[in-house]
Amino acid sequence: MMFSDAFVAIADPNRRYLLEELRRGPKTVNELAAGLPVSRPAVSQHLKVLLEAGLVNAKAEGTRRVYTVSSAGFLRLNIWLDQFWEALPGE
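These notes cover the structure that comes with them. (Residues numbered from 1 in each chain as written. Predicted model: local features only at pLDDT ≥ 70, side-chain atom pairs only at ≥ 80, totals over all residues. Heavy atoms only, no water.)

**Describing the overall build of the chain**
Right, on to step 1. Of the regular secondary structure elements, the chain holds five helices and three strands.
Right, on to step 2. Moving toward the C terminus, one meets the helices and strands of the chain in the order α-α-β-α-α-β-β-α.
Right, on to step 3. Reported as C-alpha extents along the three principal axes, the dimensions of the chain are approximately 50 × 25 × 25 Å.
Right, on to step 4. Here the chain holds 91 residues, and 32% of them are scored as buried.
Right, on to step 5. Summarising the internal contacts of the chain: among those between residues at least 6 apart in sequence, 50% fall at separations of at least 24. (Helix = DSSP H or I, 4+ residues; strand = E, 2+ residues; numbered from the N terminus. Buried < 20%, exposed > 50% of the residue type's maximum accessible area, 1.4 Å probe, protein only. Contact = heavy atoms within 4.5 Å.)

**Here's the deal with the environment of Leu 32**
Right, on to step 1. As for its position among the elements, Leu 32 is in helix α3 (residues 29–33).
Right, on to step 2. Of the residues examined, Leu 32 reaches a relative accessible area of 1% and is grouped as buried.
Right, on to step 3. Taking C-alpha positions, Leu 32 is 16 Å from Ser 70, a pair spaced 38 residues apart along the chain.
Right, on to step 4. Beyond its immediate chain neighbours, meaning those up to four positions away, Leu 32 contacts Tyr 17, Leu 18, Glu 21, Leu 22, Lys 27, Val 43 and Leu 47.

**Digging into the nonpolar core**
Right, on to step 1. Counting residues in each nonpolar core, the largest one holds 17 residues, and the members touching the most others are Leu 18, Val 43, Leu 47, Leu 50 and Leu 55.
Right, on to step 2. Those elements that provide at least two residues to this core are α1 (2–11), α2 (13–23), α3 and α4 (40–52).
Right, on to step 3. When neighbours within four sequence positions are excluded, Val 43 is seen to be in contact with Leu 18, Val 29, Leu 32, Ala 33, Leu 36 and Val 38. (Core = buried A, V, L, I, M, F, W, Y, C linked by side-chain atoms within 4.5 Å.)

**Observations concerning α4**
Right, on to step 1. For α4, built from 13 residues, the straight-helix expectation of 18 Å at 1.5 Å per residue is met to within 8% by its first-to-last C-alpha distance of 18 Å.
Right, on to step 2. Those residues of α4 lying buried are Val 43, His 46, Leu 47 and Leu 50. When α4 is viewed along its axis, its buried side chains cluster within an angular range of 100° and face the same direction. In α4, the exposed positions angled more than 90 degrees off the buried face are occupied by Pro 41 and Glu 52. (Expected span 1.5 Å × (residues − 1). Arc of directions from axis to C-beta.)

**Focus: the pattern of salt bridges**
Right, on to step 1. Scanning all chains against the criterion turns up four salt bridges.
Right, on to step 2. Here Arg 24 ties to Glu 21 by a salt bridge, and the two come within 3.0 Å at their closest N and O atoms.
Right, on to step 3. On the basis of relative accessible area, Arg 24 is assigned to the exposed category, the value being 57%.
Right, on to step 4. Classification of Glu 21 by relative accessible area gives buried; the value is 18%.
Right, on to step 5. One salt bridge in this structure joins Arg 64 and Glu 61, with 3.4 Å as the shortest N-O distance.
Right, on to step 6. Salt bridges sharing common partners tie together Lys 59, Glu 61 and Arg 64. (Salt bridge = Lys/Arg side-chain N within 4 Å of Asp/Glu carboxyl O.)

The following block contains the structure:
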């Protein structure tokens, strides 16, 4: 199920950091790796998990891949979460 993948993806603090950085705008792996105490290949692996969960998009620009937040992925996540807010009894 896509949502369990998304929740697993955002459970990791490094991946949450990457999402927060991408929320500010498109970035390459090198730009994202500059802010983390992990290797560039590790950042690539984290991005792969986020891609597979549908939370980020990647676009080739020459030899680089530029990553962005996937609005559609977060919309699906939001819709799923919203059902719980609507269903909460008189809190």
